[in-house]
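Examination of the molecular architecture
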Amino acid sequence: GMGRLATRVCRHARRGRSQGRLAWLALASTVVVAVVAMAASPPADHPAASSPSYRSPNAVVLSPDGLTAYVVSQTSRSILAVDLQQRHVVAEWAVGDFPTDAVISPDGEQLYVSLLYQRAVQVLDLRTGQVIQTIRAGFEPYGLALSADGGTIHVGNSISASVSTIRTASGDTVAEAPVGAGARHLALADGGRPPVSADRPARGAAPDRSIRCWTTC
């Protein structure tokens, strides 16, 4: 049940972080904060408080200082900023079509957001809430992994069955590696090389339940 799941997540957070007080879950239409556990909600006078839209939160990213959580909301096509000290939504920013995953730059100033139905990754300036760059990707880009220096982003293209390696400064694709059907989740090994892709079957594709690695440029 939800309680047991939250307990497991909290225990994992305590093991993985020295202060170990926070764990985040994106659940259906609400964001759950496991400090003990509470729903993140905007202040009464915030526009998001009266919005009837179903946001479909799909991913949560913490800022480098651990003070803000950014929630990727698919059907509302937006990013919610949650202040972890005030414990409510403090901003909501529009992005492109069906945002699915996100990673944050090392300096905490930019958020890279994959757009499943737009074949793109957008770069959101977290200081202004404006989209400052749109980077072309493969078909149905899903999972993202950013190099430690922020100079390279890897994009799992679930329908293209590939991972694109893209320079963040220019937006140029420097490599595209085949990984099997449904490349949805990525992780970087030590030093950012090589990427690891956990394949998940894409719609209409035969399952390929492998984990694949390769060396980037």
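This one's a predicted model, so the numbers in the text were calculated from it and none came from an experiment.

**Considering the sheet that holds strand 11 (residues 130-136)**
The strand order across the open sheet built from four strands is 8-9-10-11, with neighbouring strands paired in antiparallel fashion. Looking at strand neighbours, the two that pair on one side only are strand 8 (99-104) and strand 11, the edges of this open sheet. When the angles between neighbouring strand axes are averaged without regard to direction, this sheet yields 25°. Bridge count between strand 9 (residues 110-115) and strand 10 (residues 120-125): six bridges; the pairing is antiparallel. Looking across to strand 10, one finds that Tyr112 is bridged to Val123.

**Examining the packing of aromatic side chains**
Enumeration over the complete set of coordinates arrives at two aromatic pairs. Considering the side-chain rings of Phe98 and Tyr117, the 4.6 Å spacing of their centres and the 15° angle between planes classify their relative orientation as stacked. Of this pair, Phe98 sits in the loop between strand 7 (88-94) and strand 8 while Tyr117 is found in the loop between strand 9 and strand 10, placing the two residues 19 residues apart along the sequence. According to the relative accessible area criterion, Phe98 is buried, its value standing at 19%. Seen from the ring of Phe139, Arg119 lies directly overhead, with NZ or CZ sitting 3.9 Å from the centre.

**Details of the sheet that holds strand 6 (residues 78-83)**
On the basis of which strands lie adjacent, the open sheet formed by four strands has the order 4-5-6-7 and antiparallel pairing. With one partner strand each, in any of the chains shown, strand 4 (57-62) and strand 7 form the two edges of the open sheet. Strand-to-strand twist of the sheet, defined as the mean angle between neighbouring strand axes without regard to direction, takes the value 25°. Where strand 6 and strand 7 come together, six bridges link them in antiparallel fashion. What sits directly across from Leu80, in strand 7, is Glu92.

**A word on the nonpolar core**
Judged by nonpolar contacts, the single largest core of 17 residues is most densely connected at Tyr70, Ile79, Trp93, Leu111 and Leu126. Listing elements by their share of this core, those giving two or more residues are strand 4, strand 5 (68-73), strand 6, strand 7, strand 8, strand 9 and strand 10. Considering every element that reaches this core, the biggest residue donor is strand 9, with three residues. Apart from the residues lying within four places of it in its own chain, the contact partners of Tyr70 are Ala59, Val60, Val61, Ser63, Ile79, Leu80, Ala81, Trp93, Ile104, Leu111 and Leu126. Counting residues in hydrophobic clusters, the runner-up holds eleven residues, among them Val121, Val123, Ile153 and Val155.

**A short note on the pattern of salt bridges**
Going through the model one piece at a time under the given rule, you end up with three salt bridges. We note a salt bridge from Asp125 to Arg127, for which the minimum N-O separation is 3.2 Å. When its relative accessible area of 58% is taken as the criterion, Arg127 is described as exposed. Sharing partners across several salt bridges, the network here consists of Glu109, Asp125 and Arg127.

**Regarding the pairing of strand 9**
Most of strand 9 sits inside the fold, with five of its six residues counted as buried. In the sheet, strand 8 pairs with strand 9 via five bridges, with the strands oriented antiparallel. The partner of Pro99 across the bridge, within strand 9, is Leu115. The hairpin formed by strand 8 and strand 9 contains five residues between the paired strands, and Gly108 there has a positive phi angle of roughly 75°. In this antiparallel pair of consecutive strands, strand 9 and strand 10, the connection spans four residues, and Arg119 shows a positive phi of 55°.

**Topic: the pairing of strand 5**
Regular strands have side chains that alternate between both faces of the sheet. Burial analysis of strand 5 places six of its six residues in the buried class, which makes it a mostly covered element. Of the two faces of strand 5, the one carrying Thr68, Tyr70 and Val72 and the one carrying Ala69, Val71 and Ser73 are both buried. Of the pairings in the sheet, the one linking strand 4 to strand 5 comprises five bridges and is antiparallel in character. Across the sheet, Leu62 pairs through a bridge with Ala69, a residue of strand 5. Counted between consecutive antiparallel strands, the loop separating strand 4 from strand 5 contains five residues, among which Gly66 sits at a positive phi close to 75°.

Definitions and cut-offs
Residues numbered from 1 in each chain as written. Predicted model: local features only at pLDDT ≥ 70, side-chain atom pairs only at ≥ 80, totals over all residues. Heavy atoms only, no water. Pairing = 2+ DSSP bridges. Helix = DSSP H or I, 4+ residues; strand = E, 2+ residues; numbered from the N terminus. Axes fitted to C-alpha atoms, helices over the stretch in contact; angles between N-to-C directions. Phe/Tyr/Trp six-rings, centres within 6.5 Å; stacked < 30°, edge-to-face > 60°. Buried < 20%, exposed > 50% of the residue type's maximum accessible area, 1.4 Å probe, protein only. Lys NZ or Arg CZ within 6 Å of the ring centre and 35° of its normal. Core = buried A, V, L, I, M, F, W, Y, C linked by side-chain atoms within 4.5 Å. Contact = heavy atoms within 4.5 Å. Salt bridge = Lys/Arg side-chain N within 4 Å of Asp/Glu carboxyl O.

Coordinates in, geometry out; function isn't part of it.
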